[in-house]
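Listed below, chain by chain, are the residues.
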Amino acid sequence: MEDLLQVGVITTTHGIRGEVKVFPTTDDPHRFEVLPSILLDTGKELCELEIQRVKYFKQFVILKFKDVDDINEIEPYKGKSLYVTRDMAVPLKENEYYIGDLIGMEVFLEDGSYFGTLKDVMETGANDVYIVQTEDREVLIPAIKDCILKVDVEDNKMTIHLLKGL
């Protein structure tokens, strides 16, 4: 399990006073309002930035960081990811999982035979879709109770039922 969870990606700057436009990768973009700080992956290291102000624009979150007051200070970080530590993450409900915990999980069929590795999660709106890499192709598995029988984060193992046509 990862210690850091991605909550957004800086897409571009916003104005000239150091604000950034962030594409949220969290289910609740309003969570930025309660975060005291965030970790910026600069490409070389993780840098903690204190959140000074949060605004919203369409599907984006506009963040202003304390002591970052100029566009030139933040411009190099366009396209960089923002993270929180696991202890600052939103608590999960039953049968909810962090995407970072699912990726790389070994996937087995209900008869116990190995099926593949979960490579990515596609968020479609209605339900997530798991992208499983088998020996020879990618298979898309809807993340619904009929298909996902068991998820064991501790053992890094998922058991699925393949519906006809998949």
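Please read all numbers here as calculations on a predicted model, not as lab measurements. (Residues numbered from 1 in each chain as written. Predicted model: local features only at pLDDT ≥ 70, side-chain atom pairs only at ≥ 80, totals over all residues. Heavy atoms only, no water.)

1. Topic: the overall build of the protein chain
Helix and strand content of the protein chain: two helices and 12 strands. Beginning at the N terminus, the succession of helices and strands in the protein chain can be written as β-β-β-β-β-α-β-α-β-β-β-β-β-β. Long-range pairs, those at least 24 residues apart, make up 49% of the contacts in the protein chain between residues at least 6 apart in sequence. Accessible surface computed for the protein chain: about 10200 Å², of which carbon and sulfur atoms make up 48%. Side-chain charges in the protein chain split into 19 positive and 32 negative, and the spacing between the mean points of these groups amounts to 6 Å. (Helix = DSSP H or I, 4+ residues; strand = E, 2+ residues; numbered from the N terminus. Contact = heavy atoms within 4.5 Å. Areas by Shrake-Rupley, 256 points an atom, 1.4 Å probe, with all protein chains shown as cover. Lys, Arg positive; Asp, Glu negative; His and termini not counted. Charge placed at Lys NZ, Arg CZ, Asp CG, Glu CD.)

2. Here we look at the UniProt feature "domain: Ribosome maturation factor RimM PRC barrel" (unreviewed entry) in the protein chain
Cross-referencing UniProt, the feature "domain: Ribosome maturation factor RimM PRC barrel" (unreviewed entry) maps to residues 101–165 in the present numbering. Structurally, residues 101–165 is divided into 3% helix and 52% strand, and its ends, taken at the C-alpha atoms, are 28 Å apart. (UniProt positions renumbered as here; feature names shortened; annotations may be inferred.)

3. Looking at the sheet that holds strand E3 (residues 37–41)
Spatially, E1-E2-E5-E4-E3-E6 is the arrangement adopted by the six strands of the closed barrel, whose pairing is antiparallel. On average, each strand axis in the sheet is tilted by 50° relative to the strand beside it, whichever way the strands run. Two elements, strand E2 (residues 19–24) and strand E5 (residues 60–65), share three bridges in a ladder whose sense is antiparallel. Residue pairing across strands places Val 20 opposite Leu 63, the latter belonging to E5. (Pairing = 2+ DSSP bridges. Axes fitted to C-alpha atoms, helices over the stretch in contact; angles between N-to-C directions.)

4. A short note on the UniProt feature "domain: RimM N-terminal" (unreviewed entry) in the protein chain
The UniProt record marks residues 6–87 with the feature "domain: RimM N-terminal" (unreviewed entry), using the residue numbering of this structure. In residues 6–87, the share of helix is 5% and the share of strand is 52%. The end C-alpha atoms are 13 Å apart.

5. Observations regarding the pairing of strand E11 (residues 148–152)
Bridging between E11 and strand E12 (residues 157–160) involves four bridges; their strand directions are antiparallel. Each bridged residue has a counterpart across the sheet, and for Asp 152 the counterpart in E12 is Lys 157. Hairpin remark: E11 followed by E12, antiparallel, with four residues in the connecting loop; positive phi at Asn 156, about 55°.

6. Regarding the layout of surface pockets
Taken as a whole, the largest pocket holds about 1300 Å³ of empty space. Where the lining of the largest pocket is concerned, the elements lending two or more residues are strand E1 (4–14), E2, strand E6 (81–85), helix H2 (99–102), strand E8 (114–123), strand E9 (128–133) and E11. Each residue belonging to the lining of the largest pocket can be placed in one class, and the counts come to 27 nonpolar, seven polar and 11 charged. (1 Å grid on protein atoms, 1.4 Å probe; cavity = no way out; pocket = protein on both sides within 12 Å on 5 of 7 lines; lining within 4 Å. Points joined across faces, edges and corners; volume = space filled by probe spheres on them. Nonpolar A, V, L, I, M, F, W, Y, C, P; charged D, E, K, R; others polar.)

7. Here's the deal with the nonpolar core
Core analysis: the biggest nonpolar cluster contains 21 residues, and Val 22, Phe 32, Ile 38, Leu 63, Phe 65 and Leu 82 have the highest contact counts within it. Within the residue set of this core, elements represented by two or more residues are E1, E2, E3, strand E4 (46–57), E5 and E6. Filtering out sequence-adjacent residues up to four positions away, Leu 63 remains in contact with Gly 18, Glu 19, Val 20, Val 22, Phe 32, Ile 51, Arg 53, Val 54 and Leu 82. (Core = buried A, V, L, I, M, F, W, Y, C linked by side-chain atoms within 4.5 Å. Buried < 20%, exposed > 50% of the residue type's maximum accessible area, 1.4 Å probe, protein only.)

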